[in-house]
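Structure at a glance
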Amino acid sequence: MQLDFLLSQENAGLLDPVYNHKQICELLVQEGEAQTIAQFRQQSRILDTLSPEHISELRCIFLNSLNRSLYNFILFTWDISLSSCCFQNKAMTHAFSTREVFEEAGAEIIRTYSRCLKDYSSNQVYIAKALGYINEHLDEDLSLSSVARHIFISPCYLCKIFKPLTGQTFVSYVNSQRINLAKRLLLSTNLKIDDIAAACGFHTASYFSTLFRKHNGVSPAIFRSQGRKSVSTAS
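This structure is a prediction, so every number in the text was calculated from the model and none was measured.

Some words on the packing of aromatic side chains
We describe a pair of aromatic rings using the distance from one ring centre to the other and the angle between the two ring planes. Counted by the stated rule, this structure contains 10 aromatic pairs. Arranged with centres 5.7 Å apart and planes meeting at 65 degrees, the rings of F208 and F212 form a pair that is edge-to-face. Pair noted here: F208 and F212 are both in helix α13 (residues 205-216), with a separation of four residues, about one helical turn. No difference in accessibility class separates F208 from F212, as the two residues are buried. Three or more aromatic residues joined by ring pairs make a cluster, and in this case those are F202, Y207, F208, F212 and F223.

A word on the nonpolar core
Membership of the largest hydrophobic core comes to 31 residues, with the highest contact counts inside it found for F40, L47, L63, L66, L70, I110 and Y113. Of all the secondary structure elements, the ones that give two or more residues to this core are α3 (22-30), α4 (33-44), α5 (47-50), α6 (55-78), α7 (83-89) and α8 (99-136). Those residues in contact with L70 that lie beyond four places of it in its chain are C25, L28, I109, I110 and Y113. One finds I127, F170, L211 and F223 within the second-largest nonpolar core, a separate group that totals 30 residues.

Let's talk about the side chain of T36
By secondary structure assignment, the location of T36 is in helix α4. The exposure class assigned to T36 is buried, which follows from its relative accessible area of 0%. Ignoring sequence-local partners within four residues, the contact set of T36 consists of I24, L27, L28 and I110.

What to know about the packing of α3 against α6
Between α3 and α6, the shortest axis-to-axis distance is 9 Å and the interhelical angle comes to 55 degrees. Judged on the interaxial angle alone, α6 and α3 are oblique. Two packed elements cross with a definite hand, and for α3 against α6 that hand is right-handed. Residues I24, C25, E26, L28 and V29 of α3 form the contact with α6, whose participating residues are L66, S69, L70, F73 and W78. Looking at the contact of α3 with α6, its residues break down into eight nonpolar, one polar and one charged.

About the cut-offs
- Residues numbered from 1 in each chain as written.
- Predicted model: local features only at pLDDT ≥ 70, side-chain atom pairs only at ≥ 80, totals over all residues.
- Heavy atoms only, no water.
- Phe/Tyr/Trp six-rings, centres within 6.5 Å; stacked < 30°, edge-to-face > 60°.
- Helix = DSSP H or I, 4+ residues; strand = E, 2+ residues; numbered from the N terminus.
- Buried < 20%, exposed > 50% of the residue type's maximum accessible area, 1.4 Å probe, protein only.
- Core = buried A, V, L, I, M, F, W, Y, C linked by side-chain atoms within 4.5 Å.
- Contact = heavy atoms within 4.5 Å.
- Axes fitted to C-alpha atoms, helices over the stretch in contact; angles between N-to-C directions.
- Parallel < 35°, antiparallel > 145°, perpendicular 65-115°, else oblique.
- Left-handed = near helix turned anticlockwise from the far one by under 90°.
- Nonpolar A, V, L, I, M, F, W, Y, C, P; charged D, E, K, R; others polar.

The following block contains the structure:
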């Protein structure tokens, strides 16, 4: 049996186990890596019946497809991009001459995604704690070190995971939350600009005004005035 024969339209269905890894993907997130690896080994045995003379090439195709399927399944199911994991696994998708080496490579691909998912889950917990602490202490001196200390991880590790999971750097997030708080205070209180700056954790009113203008295009005073005019007009 030639590989070209498998690729013909009437026999294309024979390649479904080579490309369709839906069950493997679902098992990884529902049952864990042990059962997923068992399913992978069972599904990959079909390669032995397809084209023995092209078994090495088929194994390569299988592993490439498995790697991309796991990446895409996790991306579209949870909006989690494990691109570094996918790239790392690319090194394990070349041709394998023996079943033992091939199966170990496939098992390691699955283990890698499993580890990445566990790390991501743990990191989500850290980020949730960090964001909660930040939002409750906006009027205080919030440094990367101080926040990391309160959630019991190193500043370097918090810096590493913060932007991939929030889409912002630590400083950008803190500043945006402080500006949002300032906007609420400007519209809902009669506090002076200096007092609002202090209540939002800014050391000087001038820096607060500069950053506020950068975020909103107007000074705090004009923002307050425009906001109150809008409320007055609406009423």
